[in-house]
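Summary of structural features
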Amino acid sequence: MAIRIDGKLMSAQVLDDVATDAAAFYQEFGIKPGLAVVLVGDDPASQVYVRNKIARATECGINSFKHRLPADTTQEYLDRLVADLNADPEVHGILVQLPLPAHLDEERILTAIDPAKDVDGFHPVNVGALNIGKESLIPCTPQGCMIMLRKVLGDLSGKHAVVVGRSNIVGKPMAALLLQANCTVSIVHSRTNNPQLLTKQADILVAAVGKPEMIGPDWVKPGAVVIDVGINTVERAGQYKLVGDVHYAAVEPLTQAITPVPGGVGPMTIACLMKNTLTAARRLETQSRSG
Ligand code: NDP
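Residues numbered from 1 in each chain as written. Predicted model: local features only at pLDDT ≥ 70, side-chain atom pairs only at ≥ 80, totals over all residues.

1. Considering the UniProt feature "binding site: NADP(+)" (unreviewed entry) in the chain
Threshold: UniProt positions are given in the numbering used here, feature names are shortened, and annotations may be inferred rather than shown by experiment. Partly exposed residues are those whose C-beta has more than 12 but fewer than 20 other C-beta atoms within 10 Å; with 20 or more the residue is buried, with 12 or fewer it is exposed, and the C-beta atoms are placed from the backbone. By definition, residues are in contact whenever their C-beta atoms, placed on the basis of the backbone, come within 7 Å of each other. Put simply, DSSP marks the helices as runs of H or I at least four residues long and the strands as runs of E at least two long, and each gets a number from the N terminus on.
Within this structure's numbering, the places UniProt gives as "binding site: NADP(+)" (unreviewed entry) are G165, R166, S167 and I231. Its 23 C-beta neighbours within 10 Å are what place G165 among the buried residues. For G165, the contacting residues outside a window of four places in its chain are V170, G171, H189, A208 and V209. Assignment of secondary structure puts R166 in the loop between β5 (160–164) and α7 (171–180). In contact with R166, not counting residues within four places along its chain, are G171, K172, I187 and H189.

Structure representation (C-alpha cells):
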C-alpha cells in the first residue's frame, strides 16, 4: 500500500520549527522577523493565498505587513513601494503575489526586490546562486518538495528523478535541487517526444504542469515516489474541486508514496515561505550587527 505523503502534517512540523526559531530570533535581536506581502488587484485565488500566508506568519511569530493595492496601480507606484520595503529595517522578506495585472512588468518588479529579502527565491541573483550551489533563498515550492522526498526516501543519491514542467518558479529550481541532491535528472516539457519513455524510468516523478490529471498509470514506474505540484480547479457533477496533475486514484496503487491534492505540496509551499523569512531575517540582522 502506498504511503500518502501528508503535506498538512509535514508543514505543521516545519511551522513548529519556524515558530521556535522566530522566538529565539526575537530573544537574540530584539525584533520579530518581518514579511511584507504585496497584493495588486482582486484576483480571488491570490486573495486566498495572501490571507493564508499572513495567517501562517502570525501563528509563527512573524510580523506581516500587508500592502493591498488597487488593480490600476501604476508601475511607478509599485517600484517605489518595493524600494521602500527594501530600505525598511523591519522588513526581512518581500513577497509580491503573482500574477500581477497585465499592465505591470512582473520581471521588473521581481528583479527590483533586494535579493537578500527575496523570500520567493525568484530574483536572478538567487536563481544563479542556486544553480551553482551557493547560499541563496530557495523557491518555496521545490524546497517543500525536497523536504517531503527526504522524509520518505532519506538519501536521494543515484535516484533517477524526472520533473515534468520547466517553469522558472517550479520545474527548473526543482531540477536544480534534485541535481544538487545527486539525483540523475531529466526534465520533460511540452516539446518532449515520448515523455512516458522517460517518466516510466523515474524513481522520483515530480509533476508541475498545470493540466488536470494528465499523468496516468502509463506514465509511472511501479514503486516510484510521486510528487504532484499541480493545482487545477475542475467541475465535476456541478461541483468545483481541486485536482492535481496526477490522476491520484489510478496512479496511487502503483507508487511507493504519493502526495495528494489538496493537502500535499500546497501547505509545504507556505511553510517554506516562513522558513525563508526566518533565514533572510537571520542573515540580514547578523550582517547589520557585524558591519
Ligand atoms: P507553467 O504553466 O509556468 O509551466 C508548466 C510547464 O508544464 C511548462 O514548462 C510546460 O512546458 C509544461 N507542459 C505543459 N504541457 C505539457 C505536456 N503536455 N507535457 C509535458 N509538459 C507540459 O506552470 P507552473 O510551473 O507555474 O505551475 C505548474 C502547476 O503547479 C500549476 O498547476 C500550478 O497551479 C501549480 N503550482 C502549485 C504550487 C503549490 O504550492 N502547490 C505552487 C506553484 C504552482 P513548456 O515550457 O514547453 O511550455
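That covers the picture; the talk isn't over yet.
2. Some details on the packing of helix α2 (residues 44–60) against helix α10 (residues 265–290)
Put simply, the rule reads: Lines fitted to the C-alpha atoms define the axes, with helices restricted to the stretch that makes contact. Angles between their N-to-C directions range from 0 to 180 degrees. Orientation categories follow fixed angle ranges, with anything under 35 degrees roughly parallel, anything over 145 roughly antiparallel, 65 to 115 roughly perpendicular, and all other angles oblique. Helix crossings fall into two classes, left-handed where the near helix is turned counterclockwise from the far one by less than a right angle and right-handed where it is turned clockwise. Residue polarity is assigned by list, with Asp, Glu, Lys and Arg as charged and Ala, Val, Leu, Ile, Met, Phe, Trp, Tyr, Cys and Pro as nonpolar; anything else, Gly included, falls into the polar class.
Running from N to C, α2 and α10 point in directions that differ by 50 degrees, and their axes come no closer than 10 Å. Between α2 and α10, the angle falls in the class oblique. Like other packed secondary-structure pairs, α2 and α10 cross with a definite hand, here right-handed. Side by side, α2 and α10 meet where N52, K53, R56, A57 and C60 of the first sit next to I270, L273 and M274 of the second. Here the residues of the contact of α2 with α10 are counted per class, giving five nonpolar, one polar and two charged.

3. Focus on the pairing of strand β9 (residues 232–236)
In the case of a regular strand, side chains alternate between the two sheet surfaces. Selection rule: Think of it this way: DSSP has to see at least two bridges between two strands before they count as a pair.
With zero of five residues buried, β9 is to be regarded as a mostly surface element. From the end of β9 to the start of strand β10 (residues 239–243), which pair antiparallel, there are two residues, and A237 there has a positive phi angle of about 50 degrees.

4. Looking at the confidence of the model for the chain
Test applied: Residue-level confidence of the predictor, termed pLDDT, takes values from 0 up to 100.
Averaged over all residues, the pLDDT of the chain is 97; the fraction at 70 or higher stands at 100%. Two summary scores accompany this predicted model of the complex, namely pTM at 0.97 and ipTM at 0.99.

5. Describing the nonpolar core
Generally speaking, soluble globular proteins have nonpolar side chains that are buried together. What counts, and what does not: Buried Ala, Val, Leu, Ile, Met, Phe, Trp, Tyr and Cys residues form a nonpolar core when they are connected through C-beta atoms within 7 Å. Domain start and stop positions are those given by an automatic or database domain assignment.
In terms of nonpolar packing, the biggest core is built from 82 residues, with V206 and M274 touching the most fellow members. For this core, the leading source of residues is α10, giving eleven residues. Here this core gathers at least three residues from each of two domains, domain 1 (28–114) and domain 2 (140–266). Setting aside residues up to four positions removed in sequence, V206 forms contacts with C145, A161, V163, V164, M174, I227 and V229.

6. Describing the packing of helix α1 (residues 7–29) against α2
It is the contact of α1 with α2, at a shortest axis distance of 8 Å, that shows an interaxial angle of 55 degrees. Regarding the angle of α1 to α2, the classification is oblique. Contacts between α1 and α2 pair L15, V18, A19 and A22 from the former with R56, E59 and C60 from the latter.

7. Re the site of the ligand
Heads up, the rule is: By definition, a residue lies near a molecule or strand when the C-beta atom built from its backbone is within 6 Å of it.
Around the ligand sit 24 residues in total, of which G165, S167, S190, G210 and T269 are the nearest. The element that contributes the greatest number of residues to the shell around the ligand is α10, accounting for three residues. Taken together, the residues that form the shell around the ligand break down as ten nonpolar, eleven polar and three charged.

8. Brief notes about the sheet that holds strand β11 (residues 257–258)
Pairing is parallel in the open sheet, where six strands are placed in the order β1-β11-β8-β7-β5-β6. The open sheet has two edge strands with one neighbour each: β1 (3–4) and β6 (184–188). In this structure, strand β8 (residues 225–228) lies alongside β11, joined through two bridges in parallel fashion. In the strand pairing of β11, V225 is matched with A257. Along the sheet, helix α6 (residues 140–153) contacts β1, β7 (204–207), β8 and β11; its crossing angle with β8, the most-contacted strand, is approximately 160 degrees.

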